[in-house]
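Next come the chains, spelled out residue by residue.
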Amino acid sequence: MQQQSDFFLSTDQDEQLAIGPGAFCFKGAIIQDGVEIIRAVNDVVAKAEFRHLITPGGRRMSVAMSNCGRQGWVSDHAGYRYQTTDPLTGNAWPVMPRILLATAQSLAARAGFGNFNPDVCLINRYRAGDRMGLHQDRDEGNVTAPIVSLSLGLPATFIWGGLQRSGPTQRFILEHGDAVVWGGEDRLRFHGVAPLKAGEHPLTKDCRINITFRQTGSLDTCR
DNA sequence: GAGTGTCG
DNA sequence: CCCG
């Protein structure tokens, strides 16, 4: 960890931190596009509203979710899965906004993952106290493609584990504008988010928005 | 199948 | 708050 000094300007912006052989945190990478990205999220959730999914075990997830793209991640009594329609409406998920796709592809490339064609864009809204338990992203057919994660609004503590749930974890803060990309041998690492601390952000007010991109198939599945 | 949650 |  580097100590920050008041004499340096924006030392935490566009800094690339390796958190594994195939995993990187890009500090401040999307600050420039923050307003446009949030506008895109608002457009999506106007058509597919945030909702609290239920785990197969019957527990309500604290985080509220929506999706855009060809497929969306959902969970209910029957299990975790991807599906092309919003269970609330039966409609196809909203089209993935250009700015979101372009941002994800650019970040994947910066992390060394070319030809990333995400067909899923999962949007998670965290409010005070909301958390995400340690888990692996393993519902995707294509574990070759990386995961790209964007953080907007309030800061959160990211919990970054290993390939086994019981292994050691590291914690670091994800702030507005940060991006994390993980793939390759880090693709199945356990990860989670500590309970969000209450706060106020100029762009998102009382919440943190996390956007993750996944590619479920090997073909070109963009739309 | 479900621990992307809850409890001690 | 952290761990299991």
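Residues numbered from 1 in each chain as written. Chains lettered and ligands numbered in written order. Predicted model: local features only at pLDDT ≥ 70, side-chain atom pairs only at ≥ 80, totals over all residues. Heavy atoms only, no water.

A word on the sheet that holds strand β6 (residues 120–126). In spatial order, the strands read β1-β2-β11-β8-β13-β6-β3; together these 7 strands make up an open sheet with antiparallel pairing. Two strands bound the open sheet, and with one partner strand each, they are β1 (15–20) and β3 (64–68). Within this sheet the neighbouring strands show an average axis-to-axis angle of 20°, counted without direction. Strand direction decides the pairing type here: β6 and strand β13 (residues 208–214), joined by 7 bridges, are antiparallel. Across the sheet, the residue bridging to Tyr-126 is Arg-208, located in β13. Contacting β1, β2 (23–27), β3, β6, β8 (147–153), β11 (179–182) and β13, helix α2 (residues 98–110) runs over the sheet at an angle of about 120° to β8. (Pairing = 2+ DSSP bridges. Helix = DSSP H or I, 4+ residues; strand = E, 2+ residues; numbered from the N terminus. Axes fitted to C-alpha atoms, helices over the stretch in contact; angles between N-to-C directions. Contact = heavy atoms within 4.5 Å.)

Backbone phi values are negative for most residues with the exception of glycine, while trans is the configuration of most peptide bonds. The residue Asn-115 is not glycine, and still its phi comes out positive at about 55°. Note on placement: Asn-115 falls in the loop between α2 and β6. The phi torsion at Lys-205 lies on the positive side, around 60°, for a residue other than glycine. For Lys-205, the position within the fold is in the loop between β12 (191–193) and β13.

Before going further, it helps to examine the state of the cysteines. Simply put, the disulfide is a covalent bond whose two ends are the sulfur atoms of two cysteines. For the coordinates displayed, the defined rule picks out 0 disulfides. The closest cysteine sulfur to the non-disulfide-bonded Cys-121 is located on Cys-68, 3.6 Å from its own sulfur. (Disulfide = S-S within 2.5 Å.)

Attention now goes to the UniProt feature "binding site: 2-oxoglutarate" (unreviewed entry) in chain A. Cross-referencing UniProt, the feature "binding site: 2-oxoglutarate" (unreviewed entry) maps to Asn-124, Arg-125, Tyr-126, Arg-208, Ile-209, Asn-210, Ile-211, Thr-212, Phe-213 and Arg-214 in the present numbering. Within the secondary structure, Arg-125 is located in strand β6. By relative accessible area, Arg-125 is classed as buried at 15%. Ignoring anything within four residues of it in the chain, the contact list for Arg-125 reads Phe-50, His-52, Val-63, Ala-64, Asp-130, Cys-207, Arg-208 and Ile-209. With respect to the secondary-structure elements, Ile-209 resides in strand β13. (UniProt positions renumbered as here; feature names shortened; annotations may be inferred. Buried < 20%, exposed > 50% of the residue type's maximum accessible area, 1.4 Å probe, protein only.)

A full pass over the atoms with the stated rule returns 9 salt bridges. Residue Arg-187 is joined to Glu-140 by a salt bridge in which the shortest nitrogen-to-oxygen separation is 2.9 Å. Taken as a pair, Arg-187 in the loop between β11 and β12 and Glu-140 in the loop between β7 (132–135) and β8 lie far apart in primary sequence, 47 residues in all. Here Glu-140 makes a salt bridge to Arg-214, at a shortest N to O gap of 3.0 Å. Taken together, the residues Glu-140 in the loop between β7 and β8 and Arg-214 in strand β13 connect sequence positions 74 residues apart. Of the two residues, Glu-140 and Arg-214, both sit in the buried class. Residues joined in a network through salt bridges with shared partners are Asp-137, Glu-140, Arg-187 and Arg-214. (Salt bridge = Lys/Arg side-chain N within 4 Å of Asp/Glu carboxyl O.)

Leu-100, Leu-107, Ile-123, Val-148, Leu-150, Ile-211 and Phe-213 are the most contacted members of the largest nonpolar core, which totals 35 residues. Mapped onto this core, the elements with two or more residues apiece are β2, α1 (34–47), β3, α2, β6, β8, β11 and β13. Sequence-distant contacts of Val-148, that is, excluding residues within four places in its chain, are made with Ala-104, Leu-107, Ala-108, Phe-116, Val-180, Val-181, Ile-211, Thr-212 and Phe-213. Counting 24 residues, the second largest nonpolar core, distinct from the first, contains Ile-19, Met-61, Val-120 and Ala-156. (Core = buried A, V, L, I, M, F, W, Y, C linked by side-chain atoms within 4.5 Å.)

Moving on to the packing of aromatic side chains. For the structure shown, the criterion picks out 6 aromatic pairs. Between Phe-158 and Trp-160, the ring centres sit 5.8 Å apart and the planes meet at 25°, which makes this aromatic pair stacked. For Phe-158, a relative accessible area of 5% puts it in the buried group. Three or more aromatic residues link up through ring pairs in this structure, and these residues are Phe-158, Trp-160, Phe-172 and Trp-182. Sitting above the plane of the Tyr-126 ring, Arg-208 keeps its charged end 5.1 Å from the centroid. (Phe/Tyr/Trp six-rings, centres within 6.5 Å; stacked < 30°, edge-to-face > 60°. Lys NZ or Arg CZ within 6 Å of the ring centre and 35° of its normal.)

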